[in-house]
Amino acid sequence: RRSPAKQVVREQLAIAKIKDELRALGRYMIDNQLVWGSSGNISARIGEDTFLISASGAWLGDLAPDDLVECRISECRALGERKPSKEFPLHREIYAMRPEINAVIHSSPFYSTLIACTKEPVSSNWFVESMYYLERVGRVGYNHPGSDKLVESIKREVMEANILIMENHGVLVYDTSIKEARMALHTLEVMCRMMIVSRSAGLEIQTVPDEV
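Quantities reported herein were computed from a predicted structural model and do not represent experimental measurements. (Residues numbered from 1 in each chain as written. Predicted model: local features only at pLDDT ≥ 70, side-chain atom pairs only at ≥ 80, totals over all residues. Heavy atoms only, no water.)

This part takes up the environment of Pro 145. Following the sequence through the fold, Pro 145 ends up in the loop between β6 (137-140) and α5 (148-157). Along the backbone, Pro 145 and Gly 47 are 98 residues apart, and their C-alpha atoms lie at a distance of 26 Å. Excluding its chain neighbours within four sequence positions, the residues that come into contact with Pro 145 are Lys 86, Glu 87, Leu 150 and His 169. (Helix = DSSP H or I, 4+ residues; strand = E, 2+ residues; numbered from the N terminus. Contact = heavy atoms within 4.5 Å.)

Our focus in this paragraph is helix α6 (residues 178-200). With 23 residues, α6 should reach 33 Å at 1.5 Å per residue; the first-to-last C-alpha distance of 33 Å fits that figure. Within α6, the full set of buried residues consists of Ile 178, Glu 180, Ala 181, Ala 184, Leu 185, Thr 187, Leu 188, Glu 189, Met 191, Cys 192, Met 195 and Ser 198. Gly 202 lies just past α6 and shows a positive phi near 70 degrees. (Expected span 1.5 Å × (residues − 1). Buried < 20%, exposed > 50% of the residue type's maximum accessible area, 1.4 Å probe, protein only.)

Moving on to the side chain of Thr 50. Here Thr 50 is to be found in strand β2 (residues 50-54). The contacts of Thr 50, once residues within four sequence positions are left out, are Arg 45, Glu 70, Cys 71, Arg 72 and Ile 73.

The next subject is the pairing of β2. The buried count for β2 comes to five of five residues, which makes it a mostly enclosed element. Residues Thr 50, Leu 52 and Ser 54 of β2 are buried on one face, and the alternating residues Phe 51 and Ile 53, pointing to the opposite face, are buried as well. The pairing of strand β1 (residues 41-47) with β2 spans four bridges and is classified as antiparallel. Across the sheet, Ser 43 pairs through a bridge with Ile 53, a residue of β2. Adjacent in sequence and paired antiparallel, β1 and β2 are bridged by two residues. Bridge analysis of β2 against strand β3 (residues 68-72) gives five bridges, and the strand direction is antiparallel. Looking across to β3, one finds that Ile 53 is bridged to Val 69. (Pairing = 2+ DSSP bridges.)

Once that is clear, we can look at the packing of aromatic side chains. Here the structure, examined in full by the defined rule, presents three aromatic pairs. With 5.0 Å between their ring centres and 40 degrees between their planes, Phe 51 and Tyr 95 make a pair best called tilted. Of this pair, Phe 51 sits in strand β2 while Tyr 95 sits in helix α2 (residues 88-97), and the two are 44 residues apart along the sequence. Among the residues examined, Phe 51 registers a relative accessible area of 0% and is labelled buried. (Phe/Tyr/Trp six-rings, centres within 6.5 Å; stacked < 30°, edge-to-face > 60°.)

As structure tokens, this is what we get:
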């Protein structure tokens, strides 16, 4: 039988590991131009009713452990004194509605955001990774960051997609792990870049047939 003290230690170690993974994710996003300046916010579930999210104004490329704020899902509030990202209600709704989701990324990568400023659909039938990661891409209209209207628009689409294009804003990616969410975000950005470059070059893309 496990002692309560040992269980607490295990939980603390597990949370510390998730914090390290989130900090590594932030650096990866900066290094690969998937975020810029102080934009973007990232989170990960740490319990059935709790998640960690980057703090308001935090720079994702250099997150300290206390830049990750613990929030409660059932009460939609932060625990402790540090202010979470103003987009934390978006993250909270995804965790509440999709229990299998363990990581959420909100970002504004250059090419993906450029596509988000158009009505162009994101293709998924170009190559294996796009078929896997971009199979379920949705789109929501523009609403001001941090607004209740933005949260409501996300709630209407969250069950049908794992990536949401947020018009004139950026993208929202959520998946079963930090690694999978990171790969989906990077694949989306590469796909959008390929779309824009191929059209600029006048290349006709050969897609994989639907039956395949």
